[in-house]
Amino acid sequence: MSVGRTVSIVGTGSYVPERVVTNDDLAALVDTSDEWIYSRTGMKERRICAEDQATSDLGAAAARAALANAGVAAAEIDLLIVATLSPDMFFPSTACFVQDQIGAVNAFCYDLGAACSGFLYAIENARAQIACGAVETALVVGAEKMSAFLDWDDRSTCILFGDGAGAAVMRASDSGRGVMPAVMGSDGSLADLLWTPGGGSRNPISHEMVDRKEHFIRMQGRDVFKHAVTRMGDAVMAALEQNDVAVDEVSCFIPHQANIRIIDAIAKRLGVEDRMFSNVEKYANTSSAALAIALDEAAREGVLKAGDLAVLTVFGSGFTWGANVLEWGG
Ligand code: COA
């Protein structure tokens, strides 16, 4: 069902801050333990930004790495999308700050808000624009400074997230199937299961709002867990069917990195336990950066090889979800 030109990812890159925060470090802050966190989530550590680092700094570092990997100059980028839920500020977009840092002077730039699903949404957004000939070269970035939006007194959320960024360069290609059209969906009726209720126009910044800690992430963990397993599993099946690809043809499944038990449950449901990529142990949940970092690591570690078929899948606040199939290097 692909319409227009074939579109490929021609380079990837990622960046994580230097500071490593282990589960034991968190146990010194809140009432938790390495055993609790690791057994419930599969996480051992996460990276946390230096105070003077903002989301665009992470995104720019990942973008530079992706451009170097692709052999593409910043001035060649026509379209720059940053997927993030932790922008540098409300406006201008974090994409404009990344543009300035990397010198992508010929790009038009915008942020994409789909929470943890953002990087796959951005890939699909760029794919469609390249496929129809509107742009030639796109840079998509998933970047998050989650640590700036966490309540470090709330053990049920602060242990789950980390900071980081990943990026991909996309172009039209004349070989292989490239990035195939995604299946995506949303359900806004479940927004309050995972959100930051304060600080926007619904509940503007005030001393009272801050005292109620409504500017921090809030989550109903168990409900989110169940929806994530169902939605990502369904989306993967739909994306495979839509693109006429069998589960057995896929070399690697790269899901959103939110929790190893979510990843294991999807793998079991699809019968692909031997082909599931995960790095949640090292970085925790970096929201829209998680898929981007995982894709870059899978490529750099040789898990993804030229000609391989891979499936990407995401789930996030909104709720939002999606999946796509791609032929690597083609
Ligand atoms: N350390 C120790 N105990 C903790 C804790 C922590 N860090 N966080 C919560 N607890 C406690 C709870 O207070 C609760 O105690 P209670 O039974 O006395 O009330 C108990 O542990 C069990 O909590 P529960 O929520 O049932 O645990 P769980 O097995 O569902 O695991 C999550 C919790 C958050 C790890 C899990 O629900 C999850 O990963 N959900 C999905 C989250 C996610 O991926 N969000 C992002 C999606 S993009």
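That block above? That's the structure.
Residues numbered from 1 in each chain as written. Predicted model: local features only at pLDDT ≥ 70, side-chain atom pairs only at ≥ 80, totals over all residues. Heavy atoms only, no water.

1. Looking at the packing of aromatic side chains
The following threshold applies: Pairing of aromatic rings covers Phe, Tyr and the six-membered ring of Trp, with a centre-to-centre limit of 6.5 Å; geometry is then stacked below 30 degrees between planes, edge-to-face above 60, and tilted otherwise. Look at NZ for Lys and CZ for Arg. If either is within 6 Å of the ring centre and within 35 degrees of the ring normal, a charge sits over the ring.
Counted under the stated rule, the structure contains two aromatic pairs. Where Phe315 meets Phe319, the ring centres are 4.8 Å apart and the plane angle is 50°; that geometry is what we call tilted. Over the ring of Tyr38 we find Lys44, and its NZ or CZ is 5.0 Å from the ring centre. Stacked on the ring of Trp321, the Lys or Arg Arg231 has its end atom at 3.9 Å from the ring centre.

2. Some remarks on the nonpolar core
Cut-off, in case you're wondering: What makes a nonpolar core is a set of buried Ala, Val, Leu, Ile, Met, Phe, Trp, Tyr and Cys residues whose side-chain atoms join them at distances within 4.5 Å. Three exposure classes are used, based on accessible area relative to the maximum for each residue type with a 1.4 Å probe and protein chains only: buried under 20%, partly exposed in between, and exposed over 50%. Each helix corresponds to a stretch of at least 4 residues labelled H or I by DSSP, and each strand to a stretch of at least 2 residues labelled E; elements are numbered beginning at the N terminus. By definition, residues are in contact when any of their heavy atoms lie within 4.5 Å.
Core analysis: the largest hydrophobic core is formed by 47 residues, its most contacted members being Phe253, Ile262 and Phe319. Mapped by element, the contributors of at least two residues to this core are helix H8 (221-242), helix H9 (260-270), strand E12 (309-316) and strand E13 (320-327). Ranked by the residues each element gives to this core, the list is headed by H8, at nine residues. Residues within four places of Phe319 in sequence aside, it is in contact with Gly185, Ser186, Asp187, Gly188, Leu190, Leu193, Leu194, Val224 and His227. Grouped together as the second largest cluster of nonpolar side chains are 36 residues, Val7, Ile9, Ala182 and Ala294 included.

3. Some words on the side chain of Glu124
For clarity, the threshold we go by: Polar contacts, as used here, are pairs of N or O atoms within 3.5 Å; protein pairs need one atom able to donate a hydrogen and one able to accept it. Residues neighboring in sequence count only if both atoms are side-chain atoms.
The residue Glu124 is located in helix H5 (residues 118-131) in this model. Owing to a relative accessible area of 11%, Glu124 belongs among the buried residues under this scheme. A polar contact is formed between the side chain of Glu124 and the side chain of Arg127, at a distance of 2.9 Å. Apart from residues no more than four positions distant in its own chain, Glu124 is found in contact with Met180, Pro181, Ala182 and Met184.

4. A closer look at H8
Stated precisely, the cut-off is as follows: Expected helix span is given by 1.5 Å per residue-to-residue step, counting one fewer step than there are residues.
With 22 residues, H8 should cover 32 Å at 1.5 Å per step; its first-to-last C-alpha distance of 31 Å lies within 8% of that length. One or two steps after H8, the chain reaches Asp244, where phi turns positive at roughly 60°.

5. Description of the site of the ligand
Put simply, the rule is: For this purpose, a residue is taken to be near a molecule or strand whenever a single non-hydrogen atom of the residue falls within 4 Å of it. Every accessible area reported is derived by Shrake-Rupley at a probe size of 1.4 Å, with residue values counting cover from the shown protein chains alone. Basically, the charged four are Asp, Glu, Lys and Arg, the nonpolar ten are Ala, Val, Leu, Ile, Met, Phe, Trp, Tyr, Cys and Pro, and anything else, Gly included, counts as polar.
Of all residues adjacent to the ligand, which total 22 residues, the nearest are Thr32, Arg155, Gly221, Arg222 and Asn259. The contact in question runs from a nitrogen atom of the ligand to an N or O atom on the backbone of Gly221, over 2.9 Å. A distance of 3.5 Å separates an oxygen atom of the ligand from a polar atom in the side chain of Arg261. When the free accessible area of the ligand is taken as 960 Å², the share hidden by the protein chains comes to 73%. Counting residues per element, the ones that place at least two in the shell around the ligand are helix H2 (34-41), helix H6 (155-158), H8 and H9. Looking at the shell around the ligand element by element, the count peaks at four residues for H8. Classifying every residue of the shell around the ligand by side-chain character gives 10 nonpolar, seven polar and five charged.

6. Concerning the pairing of strand E7 (residues 164-173)
What counts, and what does not: Note on pairing: DSSP must find at least two bridges between two strands before they are called paired.
With seven of 10 residues buried, E7 lies mostly within the body of the structure. Direction of pairing for strand E1 (residues 6-15) relative to E7: antiparallel, over a ladder of nine bridges. Residue pairing across strands places Ser14 opposite Gly166, the latter belonging to E7. In this sheet, E7 lies alongside strand E6 (residues 137-144) in antiparallel orientation, the contact comprising eight bridges. Bridge pairing in E7 links Glu144 to Gly164.

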